[in-house]
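Structural description and commentary
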Amino acid sequence: MMKKYHMGAFAFTIAALSTSLFTITAFAASADDWSKRSIYQLVTDRFALGNGSRPSCSTNEKKYCGGNWQGIISQLDYIQEMGFDAIWISPVVENVEGTPSSGDAYHGYWAQDITSLNAHFGNPDDLKNLSSALHERGMYLMVDVVVNHLVAIPTNPSGVWPETFNYSLLQPFGGSDSFHPQCFISDYSNQTNVEQCWLGDANIPLLDIDTENSTVVDIMYNWIKNIVSDYDIDGLRVDTVKHVRQDFWPDFALNAGVYTIGEVFIGNVSYVAPYTRGLDSVLDYPTYFAVYNAFNNGTSGNMSAIADVVTQAQYEYNHGTFYVGSFVENQDNPRLQSTVSDQSIVKNFITWPFINDGIPILYYGQEQGYQGGNDPANREALWLSGFSIDNKPLLTHVKSLNSARKQAISYNSSFLTTKASFIPQSSISTLAISKPPMLTLLSNGGNSSNATWNIPSSTGLYGGNKTLVDVLTCDTVTTGSDGSLNLTASNGLPKVLMPSEAFNGSGSLCTIGAESPSSLPVKSNGSFRTVVHAGVEILAAVMWASLIAFVPGTMLL
């Protein structure tokens, strides 16, 4: 029993103080905190093995290949050296087993028991150790979660609906009344059909959880609160958001208590926008489709369409596009290099997430030049790359982009809250994006391109004879006497320009990222996390402060 100290009418317990303190030191990361971050997304089963082995892994077989949470811990240096300060991992809960016709649930999206962890990835201590290892480095942990459905294999498959299932396996529910009646989605123009019928097929039916059932709702809200708390999670990526009623999400996000970003897999800004009022934000699929189409079709790709979509999203999304997840590849979409080999185009493409309003997300393997097409080909084993950092132009490119974004945040206190704007160009094959202090120039013509950009003095971006540094090459350019700028692409490569004074006056890229991530203070911006020994010191300080505040005349001895 915790000892109580009585001082006249005032009494308190050390337990209460310590509980209060660590509630503060583990304060949840907000959307504002996350906006300063850049995220490395990985498929847990395909990233790294804790024992250091590098087995063969055929994506076509759709089998578990052995990646686990200990493996992620072992390669955090690799991630952090690229400049990432957050990771997004696969769903962590127990998935269905024994699905030979459809492959294994190595991806984590076929949950069967959300009260248990996926043993293929590790045990509870392994997940806690991953969270701790990240926080010791000042990094955040984002976990993928699925709310819409669980998965069960028909007990006696007949191919004729309705099938029968062993609902006792579906925990913590265990009964058919926790799920919507059997029906596969047949009409995506009917939102009720989208929300209450099932995804999947007869081989792998995704049983749609009845989020109109108040008991089920309470279970889900308590579950998300507990899993975030138990594993000290900083943010959630939420799967299949559009398949759950919109008014479910605000209280889900409230119970989670951390940054929530939802997947609404559609290219329509107006359809996506309402979900930004229930969750903190969304993965910006509308912009993704515009970007992918612009770079996947050579010079016939319309770069100006990107500006149109972003401008609409800035207006319609709650909080604009400041909290969206900005990405160009992920586990559900083909890698650009499955169809495009021109490395100048690839570099332009990869540049996009780092220079616009959103939170940059890089899908693992992009930095290594992976070329997988549609699922499952785009879920390659990263260990087969050897985690090489030498002679990897795309990895160097990503590292420079991360460094530049951090420098922009440091130099301009309003960088994160300033909307990106687009400077009209004469060609649909070029794009000029201003987000001070960054000016980014993109094109889709490839390595033989002689694309040009014109930044007129009327934009008011720069004064005359201003020196700008291209953070990707360290080359400098100077504006005209009237502040205008006219540039031609070098081998079709992108340009990310910043004023020389943003680099402490040196005008050199070498000053960007001069401190390696490992040399930076162990701190999690906005979350008030500290390393253990610091936490103990703060605990002692708070206890003494409490004595002084509540007991007049108390003196430090």
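Residues numbered from 1 in each chain as written. Predicted model: local features only at pLDDT ≥ 70, side-chain atom pairs only at ≥ 80, totals over all residues. Heavy atoms only, no water.

**A look at the packing of helix α12 (residues 343-355) against helix α13 (residues 393-411)**
Interhelical geometry of α12 versus α13 gives an angle of 30° and a closest axis separation of 10 Å. Looking at the two axes, α12 sits roughly parallel to α13. Seen along the crossing, α12 lies across α13 with a hand that is right-handed. Two secondary-structure elements touch here, α12 through Gln343, Val346, Lys347, Ile350, Thr351 and Phe354 and α13 through Pro393, Leu394, His397, Val398, Leu401, Asn402 and Arg405. Looking at side-chain class alone, the contact of α12 with α13 contains seven nonpolar, four polar and two charged residues. (Axes fitted to C-alpha atoms, helices over the stretch in contact; angles between N-to-C directions. Helix = DSSP H or I, 4+ residues; strand = E, 2+ residues; numbered from the N terminus. Parallel < 35°, antiparallel > 145°, perpendicular 65-115°, else oblique. Left-handed = near helix turned anticlockwise from the far one by under 90°. Contact = heavy atoms within 4.5 Å. Nonpolar A, V, L, I, M, F, W, Y, C, P; charged D, E, K, R; others polar.)

**What to know about the pairing of strand β4 (residues 86-89)**
Regular strands show a simple pattern: their side chains alternate between the two faces of the sheet. Residues Ala86 and Trp88 point to one face of β4 and Ile87 and Ile89 to the other, with burial holding for every one of them. Summarising the sheet, strand β3 (residues 39-41) and β4 pair through three bridges and their orientation is parallel. Following the sheet pairing, Tyr40 is matched in β4 by Ile87. By the bridge criterion, four bridges tie β4 to strand β7 (residues 140-146) in an arrangement that is parallel. Bridge pairing in β7 links Ile89 to Val143. (Buried < 20%, exposed > 50% of the residue type's maximum accessible area, 1.4 Å probe, protein only. Pairing = 2+ DSSP bridges.)

**What to know about the UniProt feature "binding site: Ca(2+) 1" (unreviewed entry) in the protein chain**
With numbering aligned to this structure, UniProt lists the feature "binding site: Ca(2+) 1" (unreviewed entry) at Asn148, Glu195, Asp208 and His243. Sequence-wise these annotated residues cover 96 residues; spatially they are packed, their C-alpha atoms never more than 8.7 Å apart. Structurally, the position occupied by Glu195 is in helix α6 (residues 191-196). Overall, Glu195 belongs to the buried group, its relative accessible area being 12%. When neighbours within four sequence positions are excluded, Glu195 is seen to be in contact with His180, Asp208, Lys242, His243, Val244, Arg245 and Gln246. With respect to the element layout, His243 can be found in the loop between β11 (235-239) and α8 (249-256). With near-sequence residues (within four places) excluded, His243 lies in contact with Asn148, Ile185, Tyr188, Val194, Glu195, Leu199 and Asp208. A distance of 3.0 Å separates the side chain of His243 from the backbone oxygen of Val194, its partner in a polar contact. (UniProt positions renumbered as here; feature names shortened; annotations may be inferred. Polar contact = N/O pair within 3.5 Å; in protein donor to acceptor, adjacent residues only side chain to side chain.)

**A closer look at the pattern of salt bridges**
Per the stated rule, a full pass over the model turns up 15 salt bridges. A salt bridge links Arg137 to Asp77, with the shortest nitrogen-to-oxygen separation between them at 2.8 Å. In this pair, Arg137 sits in the loop between α5 (124-136) and β7 while Asp77 sits in helix α4 (residues 76-81), placing the two residues 60 residues apart along the sequence. A salt bridge links Lys406 to Asp85, with the shortest nitrogen-to-oxygen separation between them at 3.5 Å. Taken together, the residues Lys406 in helix α13 and Asp85 in the loop between α4 and β4 connect sequence positions 321 residues apart. Residue classification places Asp85 among the buried positions, given a relative accessible area of 12%. If you follow the salt bridges from partner to partner, you end up with Asp144, Arg237, Asp239 and Glu263 in one network. (Salt bridge = Lys/Arg side-chain N within 4 Å of Asp/Glu carboxyl O.)

**Topic: the sheet that holds strand β8 (residues 149-151)**
Overall, antiparallel pairing links the three strands, which are arranged β8-β10-β9 in an open sheet. Two strands bound the open sheet, and with one partner strand each, they are β8 and β9 (199-200).

**Some words on the side chain of Ser38**
Looking at the element boundaries, Ser38 is found in the loop between α2 (31-35) and β3. Ser38 sits in the buried class, given a relative accessible area of 1%. When sequence neighbours within four positions are dropped, the list of residues in contact with Ser38 reads Gly83, Phe84, Asp85, Ala86, Pro360, Asn402 and Lys406.

**Notes on the environment of Tyr231**
The residue Tyr231 is located in the loop between α7 (214-230) and β11 in this model. Exposure remark for Tyr231: the relative accessible area of 11% places this residue in the buried category. C-alpha of Tyr231 to C-alpha of Pro124: the two residues are 107 residues apart in sequence and 8.2 Å apart in space. With residues near it in sequence (within four places) discarded, Tyr231 still touches Leu117, Pro124, Leu127, Lys128, Ser131 and Leu141.

**Topic: the state of the cysteines**
Inspection of every chain in the model, using the stated rule, returns two disulfides. Residue pairing for Cys57: its cysteine sulfur links by disulfide to Cys65, the two sulfurs lying 2.1 Å apart. Where Cys57 bonds to Cys65 through sulfur, the torsion about that S-S bond is close to 80°, and the disulfide is right-handed. Residue class for Cys57 comes out buried when judged on its relative accessible area of 13%. Its relative accessible area of 13% is what places Cys65 among the buried residues. Covalently, Cys183 is tied to Cys197 through a disulfide, its sulfur atoms 2.1 Å apart. Handedness here is read from the sign of the S-S torsion; for Cys183 and Cys197, about -100°, the answer is left-handed. Here Cys183 is found in the loop between β8 and α6, whereas its partner Cys197 is found in the loop between α6 and β9, with 14 residues between them in sequence. Since its relative accessible area comes to 8%, Cys197 is described here as buried. (Disulfide = S-S within 2.5 Å.)

**Topic: the packing of aromatic side chains**
Within this structure, the stated rule accounts for 29 aromatic pairs. Ring geometry for Phe265 against Phe289: centres 6.1 Å apart, planes inclined by 35°, an arrangement best described as tilted. Residue Phe265 is located in the loop between β12 (259-262) and α9 (269-272), and its partner Phe289 is located in helix α10 (residues 285-295); the two are separated by 24 residues in the primary sequence. Given a relative accessible area of 28%, Phe289 falls into the partly exposed group. (Phe/Tyr/Trp six-rings, centres within 6.5 Å; stacked < 30°, edge-to-face > 60°.)

**Some points on unusual backbone geometry**
With an omega of 10°, the peptide bond between Gln171 and Pro172 qualifies as cis. Turning to its location among the elements, Pro172 is positioned in the loop between β8 and α6. Asp375 connects to Pro376 through a cis peptide bond whose omega is 10°. Locating Pro376 in the fold gives a position in the loop between β15 (359-363) and α13. Not every positive phi belongs to a glycine, and Asn491 is a case in point at roughly 55°. Tracing the chain through its elements places Asn491 in the loop between β22 (485-488) and β23 (495-499).

**Comments concerning the sheet that holds β3**
Reading across from one edge, β13-β12-β11-β7-β4-β3-β15-β14 is the order of the eight strands in this open sheet, with parallel pairing throughout. Two strands lie at the open edges of the sheet, namely β13 (281-282) and β14 (325-326), each paired on one side alone.

**Digging into the side chain of Arg46**
Position of Arg46 relative to the elements: it lies in the loop between β3 and α3 (69-74). Among the polar contacts made by the side chain of Arg46, one reaches the main-chain carbonyl oxygen of Arg379 at a distance of 2.7 Å. Non-local contacts of Arg46, meaning those with residues more than four positions away in its chain, are made with Cys57, Thr59, Lys62, Lys63, Cys65, Tyr106, Tyr364, Arg379, Glu380, Ala381, Leu382 and Trp383.

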